[in-house]
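Tertiary structure, described
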Amino acid sequence: MNHWIIAPIVLPAVVAPFIIMVMRFHRDLQRVFSVASVVALNIIALVLLTSAMDGTISVYELGNWPAPFGIILVLDRLSAMMVMLTTVLALAVVLYAIGSGWDTRGRHFHALFQFQLMGVLGAFLTGDAFNLFVFFEVLLIASYGLMIHGGGTTRLRAGVQYVVYNLLGSSLFLIALGTLYSVTGTLNMADLAVRVAELPVEDTALLRVGAVLLLLVFAIKAAVLPLHFWLPASYANAPMPVAALFAIMSKVGAYAILRMYTLVFGPGVAITDGLVGTWLLPAALLTLAVGSFGILGSRNLARLVAFGAITSMGTLLIAISLFTPQATAAALYYAIHSTFTAALLFLIADLVLERRGGALVPTPPMAQSGLIATLFFVGAIAMAGMPPLSGFVGKLLVMDAARASAHVWAIWAVILTTSLITILGLSRAGSILFWKPHDASMAPFPRPEDEEDAADKDPLLAPEPVPGLAFVPVFALIAALVALTVLAGPVMRYTEATAAQLFAPSDYIETVLQRPGS
Amino acid sequence: MSLFLIAALPFLGAVFPALLIRAGRNAAAGSTFAVTLLALIGLLLHAPAVLRGETVSARLDWLPTLGLNANFQLDGLGLLFAGLILGIGLLIIAYARFYLAREDPMGQFYCFLLLFQGAMVGIVLSDNILLLLVFWELTSLSSFLLIGYWKHLPEGRQGARMALAVTASGGLAMIAGMLILGNIVGSYDLSEILQHRDLIQASPLYAPALILILLGCFTKSAQFPFHFWLPHAMAAPTPVSAYLHSATMVKAGLFLMARMWPVLSGTDLWFYIVGSVGLITMILGAVIALFKDDLKALLAFSTVSHLGLITMLLGFGTKVAAVGAVFHIINHATFKAALFMNAGIVDHGVHTRDIKQLGGLRHLMPVTFTLATIAALSMAGIPPFNGFLSKEMMLEEATHAVWAGVPWLVPALAVFGALFSVAYSLRYIVHVFLGKTRHDYPTKPHDPTPGLWLPPAVLVALVVLIGLFPNVIATPIVSAAALAVTGTPVEFHPALWHGLTPALYLSVVAVLGGALLLAAHHGALGIWNNLPRPEAKVIFDAIIRATTAATRRITDTLHDGSLTRYAAIFLVFTLAISYYAFASGVLGPQTHTSLPISVMPVLGWVCLVGSALCVVAFHRNRLLALVLIGVSGLIVSLTFNYLSAPDLALTQISVEVVTIILLLLALNFMPQQTPRESTPARRTRDVVISITAGLGVGGLIYALMTRDFAMPSISEYHVANSYKGGGGTNVVNVILVDFRGFDTFGEIIVLGIAAIIIFAITEAVLGSGVRARLLNRKPSYPLAGDPHPLMMVVATRVMMPIALMVAAYIFFRGHNMPGGGFIAGLIAAIAVVMQYMASGFSWATDRQRLPYHGIIGTGVLVAAITGMGAWFNGKPFLTSAFGYVHLPYLEKFELATAALFDLGVFLAVLGAVLLALQSLARYAWQPGIVSEHPMDINPERDDASETIEGH
Amino acid sequence: MEILLASAVGILTACGIYLILRQRTFPVIIGLSLLSYAVNLFLFATGRLALNQPPILNKYADVSYTDPLPQALVLTAIVISFGMTAVVVMIALSSYLSARDDGINMTDKGGEDA
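Basis of the calculations
- Residues numbered from 1 in each chain as written.
- Chains lettered and ligands numbered in written order.
- Predicted model: local features only at pLDDT ≥ 70, side-chain atom pairs only at ≥ 80, totals over all residues.
- Heavy atoms only, no water.
- Helix = DSSP H or I, 4+ residues; strand = E, 2+ residues; numbered from the N terminus.
- Rg over C-alpha atoms; globule rule 2.2 N^0.38 Å.
- Buried < 20%, exposed > 50% of the residue type's maximum accessible area, 1.4 Å probe, protein only.
- Contact = heavy atoms within 4.5 Å.
- Areas by Shrake-Rupley, 256 points an atom, 1.4 Å probe, with all protein chains shown as cover.
- Lys, Arg positive; Asp, Glu negative; His and termini not counted.
- Charge placed at Lys NZ, Arg CZ, Asp CG, Glu CD.
- Buried area = accessible area lost by both parts, 1.4 Å probe.
- Salt bridge = Lys/Arg side-chain N within 4 Å of Asp/Glu carboxyl O.
- Polar contact = N/O pair within 3.5 Å; in protein donor to acceptor, adjacent residues only side chain to side chain.
- Nonpolar A, V, L, I, M, F, W, Y, C, P; charged D, E, K, R; others polar.
- Axes fitted to C-alpha atoms, helices over the stretch in contact; angles between N-to-C directions.
- Parallel < 35°, antiparallel > 145°, perpendicular 65-115°, else oblique.
- Left-handed = near helix turned anticlockwise from the far one by under 90°.

Some details on the overall build of chain B
- Helices and strands together make up the secondary structure of chain B, namely 39 helices and four strands.
- The globule rule puts the C-alpha radius of gyration for 951 residues at 30 Å, and the 43 Å found for chain B is more than 25% above it.
- When the backbone C-alpha atoms are referred to their principal axes, chain B occupies close to 130 × 70 × 60 Å.
- When the 951 residues of chain B are sorted by exposure, 61% land in the buried category.
- In chain B, once contacts between residues fewer than 6 apart in sequence are set aside, the share between residues at least 24 apart is 78%.
- Counting every atom, chain B has about 34,100 Å² of accessible surface; 72% of that belongs to carbon and sulfur.
- Charged side chains in chain B number 52 positive and 48 negative. The centres of these two groups are separated by 8 Å.

As structure tokens, this is what we get:
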């Protein structure tokens, strides 16, 4: 029995309470343990990745109860990849949070951070539908805490909206699971797949409802139009490092869609036929469009980046909604790219916000303007999907995969047009942020960042940034994007193998169900 | 030198100037020069082979699945362009060193320049159209940086953004075009694509592919109607203009048309699009150029015009025309780069580029004058300079071109354009240098240092030499390039004199006409100014502004921050989709027999529904709403109990109590009433939505309940194995702590997180300005006369141990009877909360030893460690073990690790609830209300009225 | 019996959602708890209804038991929704205290653009 699989969930689940109990009042100890835990998680993820690389699917039966009766964790190429992605991102974010001193602007940042990781990693690893719900709740409630970290009026108000909207989503999740259970009598995903395939075709209505409700739940997480409304205000008002971490949260939704709708309600399943394709692709196209409009139309940098995150989800879901191995491989590549890119831009946005506020109006030059301008330029290239960074490769891959689709022209048109709008928006923002300030006519301008929030910051918790450290993760993320571009070939080989594994679920199902419970 | 290295050198070299600038401007410039020179040498090493007609190539797989590979190849065309890019690049680098002012960040400049150079070299060396796209977009990006180099100038910023918008959009169109092209051929390798002329031109997708690719070329090469960005790019420093607009950026489009010429040209579509666009652009540019007073603007539009000329030649689709195009590319590059630098020199020397303020400079700036004259005459197409040769070829070809059956149209227009081109070229000489010396120059004009005039001098020398000995200098490279373009060896023997050809007559007409036109310039200007003409920039800006405004309006209306609207949309969408899913499926018959309805449930139903409806009816009175919802919760738990779910009943009721307490405490700080805000229309909308949702959910569960499982539920296994496998007879509890203990593990973590979040918010809020407001807030209700009534205090003190004992009992029976750690935890918590309520916050806190954080942490850790315990006997996480112990005088009882796990649950719940309530209570804390004596009932007590604890 | 429970679930849902569509935080929270009652009953009922068959194993008689699994799920759901309610209450309260406004909509652009 390979205990590595549970490690990514148990480690943070132990570190976090430890931080809460023992080192509540020791800022530096907290930092040390938090970083150490994330580093350890990276190592674990690496081990998992290597063990899944060759296509082996490993199952971990919690409580030693055989599937489908107990809860199981499943490690396959997809989950291993997502775990790796999460841990790498987490390392960058935690370093930035420390470097910028964000972790000290409120209580329990590191504990919540660890719990958040536990939730995300658990969601990627579990093979049980209800357990997926539990991990969704863990990552959600942790995200509530992180989102309002540091307090402040606007942030709290945005927090209320974020929580309420997601509580609606959670209720929907329960209803969906109840429906599925009461039709099939099981909760284990592989078992669901088997039973759904065996269901009598003269009684499909209820299962279809359950399936589509589940899809809607995941669509909320993945910020698919018109279920994306929670995202802009939440991400724009969250602490930017937290928003950077949230870049992986929306991927959880995408992952769940991919998992459920290849394994359980796959393209081959007659009962749920025409449930996904009918609206997911148009919705994804709309998502991309609206996101790009937001990039051009935003008055505020944080909001602009939030809409950037929406565009990347749009592109990702276009690829996913095609449900072909080729498109899925492209989607997975794009998922890696968009996660790093969104995180990178949120971090850069924080560098800007800390210096001159986020409003897109000319202000006098900020400190380190040149360096930050360069970083922003690189980030913008990545987000707009311009060469030479991975965004361009990803976009080409998605467009190339779309050829097989009947809607290829619509897809190409939307992707290309929105790219143009994105370029316009980002060049506009960059020019305002980094060029206009050098204008001779530039009169000194009061900090536009709403002061009352600054006043609301806790004076007792003076942020303690570690100078210079903040830039390290930013450069690291850029390096990651460069590596993703240069190594596009090997990465695509992995994602193609992953897609192949996803679209041949019988292997997964057998590994999960045939294993005799000891 | 490997092509990889040649293509990579500029990019690698780009770091040097950026770093070396600390070592001074010469170091930066020197390193840039060296890098470029190295690349040029590397290129020239291949020249002999290429001139022999061979092609050098270097291939490397990058992303084979997509067909995007790092394949480079060098043929005549590539050599020609790469040579121009690097060669003229060298001159520009030298020139810029002396041109840029001291305050300009030169390191940045050279860094951008090298990036741009690398992108250009990449384009002309790519053998893979996707790779070419990469470099193509890179030129857009790097030119954006170069044009916006003077960020303090609004023109610079706008020009840069305009150039980016236009060229990038073209590039995006080209992406689609290239994908289609690759789709037709089945490969993205140029050398492969160029083999399939017939296949491509036969394909139904030929037209879209051609148009999309041409969009890319036209935007890049500033062809009508995309010509407008080029003049605005003139806000860049002159070296940039000289580089981008003579040899490189704008030539990229031409290069691509020449590259694709073998497979795309030769069709009517190609002729009519490319030829006509080129012709229009040529004339338009020439005419506008004549009436521009800014030297750089004049040159910019003349560039547009010459680009049009070359495009037109390519458009004709004949081999000879293509050769002429190639030849003119060289000639234009030489004299135009020279002229741009020359304009820069004038700007430097006189501090103006306005022709109106110039004139008579020939004596003051003799060197500049000489250079300008030769270059301008070449531009005008006057022998014996190289411009004449290629212009002759153009006119020659124009006479052969038949446009829509009209033989005279193209020649006539061509001459017309040539005529204007002569006029503005001469104007550059006459109005700037000739005429009498003026005395109102902004500064005293003077010839520049050699650093500024040598680079153009080199080019002017070329202009002359090519003009005099074309066959020696130009023929080899031109024929090599022509071979690459046309695919067949072409005879190319330009000569200054080849008899009295029609082209010659046309030339003469053009020259004379041009001279006359210049003489009449003043009058012509008058007419020109009275002509109504659309100002491209205005239109472009209007479009951009409109788009931005539109997107902003859409964004703001969609995301107006109204959660109510978001939720409504969410609900409607969900209902619609799930109805679709339901309707598109088949609903089977009912199979499950319903239970009979007796009196009790009906009563319960009435209470439940009644209370729920009352909540809605009276929700504006918040306290009442709380009471009513408490009733609903109670009935729900009774329902659970009635329907054989005792555990649920217990849990529900205890959670209910805690929740209500929490809400009560919170309500204490909030308004007691909810104002009536929404309009009747809104309320009707909401009613409709809610009723639909209610029907949906109710209907769904009814349908589910009245059907049996399609297959046996996995829970049968749980019932069967609960006792022998899990060691407990309460199956629900065994599922919670054993079968699905992992869910419970997550669940207590959720609770723990909830508690620390609440603690964190409280900290944040109390740390902010809110604290002051809280400290001197007036309670919304009149305080009870005695906040700590004796009865209550005593009762709670007595209750405490009993409650704890009940908790312990519930805890231990949990595994076999209804109960368990969670419920026990809540009961214990309630017991403690009672103390808070009865005896006051301060009193209770004083006596509370263990920090709640600690309790939560311990709980989670206990649960986790229990789970990990299984590892030590090689079992997976959370594997339970249990045994039965006999103690004297006691019935045998069970020891199970599950119980330990449950203990974790107990602690976590206890700690979480208490931390939450305590944090909330801290809002209420006000100074001077510490009731030292909660059991003192002396009415004279002074602080009786101030205390607000425990309401 | 089923019809009673189903209708109750439906009505609870309707009431909950109506309150969630109000514009102040407090009614919204009340609505959420109503909705959670409905959802818990829903989840519970997916195990089908049974009278006097609690899933407590009886050593002495061989009786039939109601489906225990949904009960366990509902228990988890109840606990989680309790945690969520606690959090949303506190966030709402804190946001009211800092903003002096318990409206749930942030219609002011300044707010959203922070």
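Quick word on the interface of chain C and chain A
- Across the boundary between the two partners, chain C contributes 38 residues, which contact 36 residues of chain A.
- Note on chain C versus chain A: buried area summed over both sides is about 3,300 Å², and carbon and sulfur give 73% of it.
- Inspection of the chain C/chain A interface yields one salt bridge.
- Between R157 of chain A and D101 of chain C there is a salt bridge, with the nearest N and O atoms lying 3.4 Å from each other.
- Inspection of the region where chain C meets chain A yields six residue pairs in polar contact (both at pLDDT 80 or more).
- Listed by contribution, the elements that provide at least two residues to the side of chain C that touches chain A are helix 2 (25-45), helix 3 (68-99) and helix 4 (109-112) of chain C.
- In terms of residue count, helix 3 of chain C provides more of the side of chain C that touches chain A than any other element does, 16 residues in total.
- Its residues assigned to classes, the side of chain C that touches chain A shows 21 nonpolar, 10 polar and seven charged.

Quick word on the interface of chain A and chain B
- At the interface, 131 residues of chain A touch 116 residues of chain B.
- A per-residue breakdown of the area chain A buries against chain B is headed by W65, F229 and W435 of chain A, which together make up 8% of the total.
- D128 of chain A serves as the salt-bridge partner of R740 of chain B, at 2.7 Å between the closest nitrogen and oxygen.
- At the boundary of chain A with chain B, the tally comes to 30 residue pairs in polar contact (both at pLDDT 80 or more).
- The biggest single contributor to the side of chain A that touches chain B is helix 6 (residues 153-184) of chain A, with 13 residues.
- Looking at the side of chain A that touches chain B, its residues break down into 80 nonpolar, 29 polar and 22 charged.

Some thoughts on the packing of helix 4 (residues 76-99) of chain B against helix 20 (residues 450-468) of chain B
Residue and element names in this part refer to chain B.
- Interhelical geometry of helix 4 versus helix 20 gives an angle of 160° and a closest axis separation of 8 Å. As judged from the angle between their axes, helix 4 and helix 20 are roughly antiparallel. In this structure, helix 4 crosses over helix 20, and the sense of that crossing is left-handed. Facing I88, L91, A94, Y95, F98 and Y99 of helix 4, the residues of helix 20 in contact are G451, L452, P455, P456, V458 and L459.

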